[in-house]
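Next come the chains, spelled out residue by residue.
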Amino acid sequence: MTWQIEVVDDHAPCIALRRTVFINEQGISEADEIDDLDAQAIHLLAHIDSRPVGTARLLVDGHLGKIGRICVLADQRGTGLGKALVEAGIAHLRNTPGVIRAKLGAQDHAIGFYAKLGFTPIGPFYDDAGIPHRDMVTDL
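Reference entry: report on the structure contained in this document. Predicted model, so just to flag it, every value in this text is computed and none were measured.

1. Regarding helix H3 (residues 81-94)
Its 14 residues place the ends of H3 20 Å apart at the C-alpha level, agreeing with the 20 Å of an ideal helix rising 1.5 Å per residue. Three or more residues of H3 are buried, namely Leu81, Gly82, Ala84, Leu85, Val86, Gly89, Ile90 and Leu93. Buried residues along H3 sit in contact with strand E1 (4-8), strand E2 (42-48), strand E3 (51-61), strand E4 (64-72), strand E5 (101-107) and helix H4 (111-116).

2. Focus on the nonpolar core
Side chains that are nonpolar tend, in soluble globular proteins, to be buried together. Residues Ile67, Leu85, Val86, Tyr114, Phe119 and Met136 are the most contacted members of the largest nonpolar core, which totals 34 residues. Elements with a minimum of two residues in this core: helix H1 (12-25), E2, E3, E4, H3, E5, H4 and strand E7 (131-139). With five residues, the single largest contributor to this core is H3. Once residues within four sequence positions are removed from consideration, Val86 is found in contact with Ile67, Ile70, Phe113, Tyr114, Leu117 and Phe119.

3. Some points on the side chain of Asp135
Secondary-structure assignment places Asp135 in strand E7. In this structure Asp135 comes out as buried when scored by relative accessible area, which is 18%. Engagement of the side chain of Asp135 in a polar contact is seen with the side chain of Tyr126, the distance being 2.7 Å. For Asp135, the residues in contact, after removing those within four places along its chain, are Lys103, Leu104, Gly105, Thr120, Pro121, Ile122 and Tyr126.

4. Digging into the sheet that holds strand E6 (residues 120-128)
Within the open sheet, the seven strands sit side by side as E1-E2-E3-E4-E5-E7-E6. Their pairing is mixed. Lying at the two open borders of the sheet, with one neighbouring strand each, are E1 and E6. Going from strand to strand, the sheet's axes swing by 25 degrees on average, the running direction of each strand aside. Where E1 lies against E2, five bridges are found, and the strand directions are antiparallel.

5. Remarks on the packing of aromatic side chains
Counting across every chain of the model gives two aromatic pairs. Ring geometry for Phe113 versus Tyr114: centroids 5.0 Å apart, planes at 70 degrees, classification edge-to-face. Centroid distance Tyr114 to Phe119: 6.3 Å. Interplanar angle 75 degrees. Geometry classified as edge-to-face. Accessibility expressed as a relative area gives 2% for Phe119, which makes it buried. A network of ring pairs unites the aromatic residues Phe113, Tyr114 and Phe119 as a single cluster. Stacked on the ring of Phe125, the Lys or Arg Arg134 has its end atom at 5.6 Å from the ring centre.

6. Structural notes on the pairing of E6
The pairing of E6 with E7 spans six bridges and is antiparallel. Residue pairing across strands places Thr120 opposite Val137, the latter belonging to E7. Counting the residues that bridge the hairpin from E6 to E7 gives two residues, and of these Ala129 lies at a positive phi of roughly 55 degrees.

7. Thoughts on the pattern of salt bridges
A complete count under the given rule lists 12 salt bridges for this structure. With a shortest N-O distance of 3.9 Å, Lys83 and Glu87 are connected by a salt bridge. One end of the pair is Lys83 and the other is Glu87, both in helix H3 and four residues apart, which spans about a single turn. Taken together, the salt bridges that share partners define one network made up of Arg18, Glu33, Asp35, Asp38, Arg57 and Arg69.

Criteria and cut-off values
Residues numbered from 1 in each chain as written. Predicted model: local features only at pLDDT ≥ 70, side-chain atom pairs only at ≥ 80, totals over all residues. Heavy atoms only, no water. Helix = DSSP H or I, 4+ residues; strand = E, 2+ residues; numbered from the N terminus. Expected span 1.5 Å × (residues − 1). Buried < 20%, exposed > 50% of the residue type's maximum accessible area, 1.4 Å probe, protein only. Contact = heavy atoms within 4.5 Å. Core = buried A, V, L, I, M, F, W, Y, C linked by side-chain atoms within 4.5 Å. Polar contact = N/O pair within 3.5 Å; in protein donor to acceptor, adjacent residues only side chain to side chain. Pairing = 2+ DSSP bridges. Axes fitted to C-alpha atoms, helices over the stretch in contact; angles between N-to-C directions. Phe/Tyr/Trp six-rings, centres within 6.5 Å; stacked < 30°, edge-to-face > 60°. Lys NZ or Arg CZ within 6 Å of the ring centre and 35° of its normal. Salt bridge = Lys/Arg side-chain N within 4 Å of Asp/Glu carboxyl O.

By themselves these figures say nothing about function.
Structure representation (structure tokens):
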């Protein structure tokens, strides 16, 4: 089976995936995970047939596009889906007028993963919901 990734207007399945991965598995509080930015975000949803298996959220602020809330269900990790979600986010941002750079906040254990996708760490580590993160950027 292979997954499909698409932009969706109904972001409820994306929130459900984030609840599973970030809240249930990683112990992030709902108050930290679910915010008012979801309403203005572009949501990418990966699915196998009709089963949601991964998601990412895109935000645009002027020339900067932010890729965030990237998550993949446990049984799909290691399949290349995380990479495909990031690449889909980059492709979408690259086609957004005026956006010339992509940014993300990488959990410390994922910095190498994002570096392989062309992102460069900037600035110091910081705490986000109790997890060390570091911002990373790439030019589009």
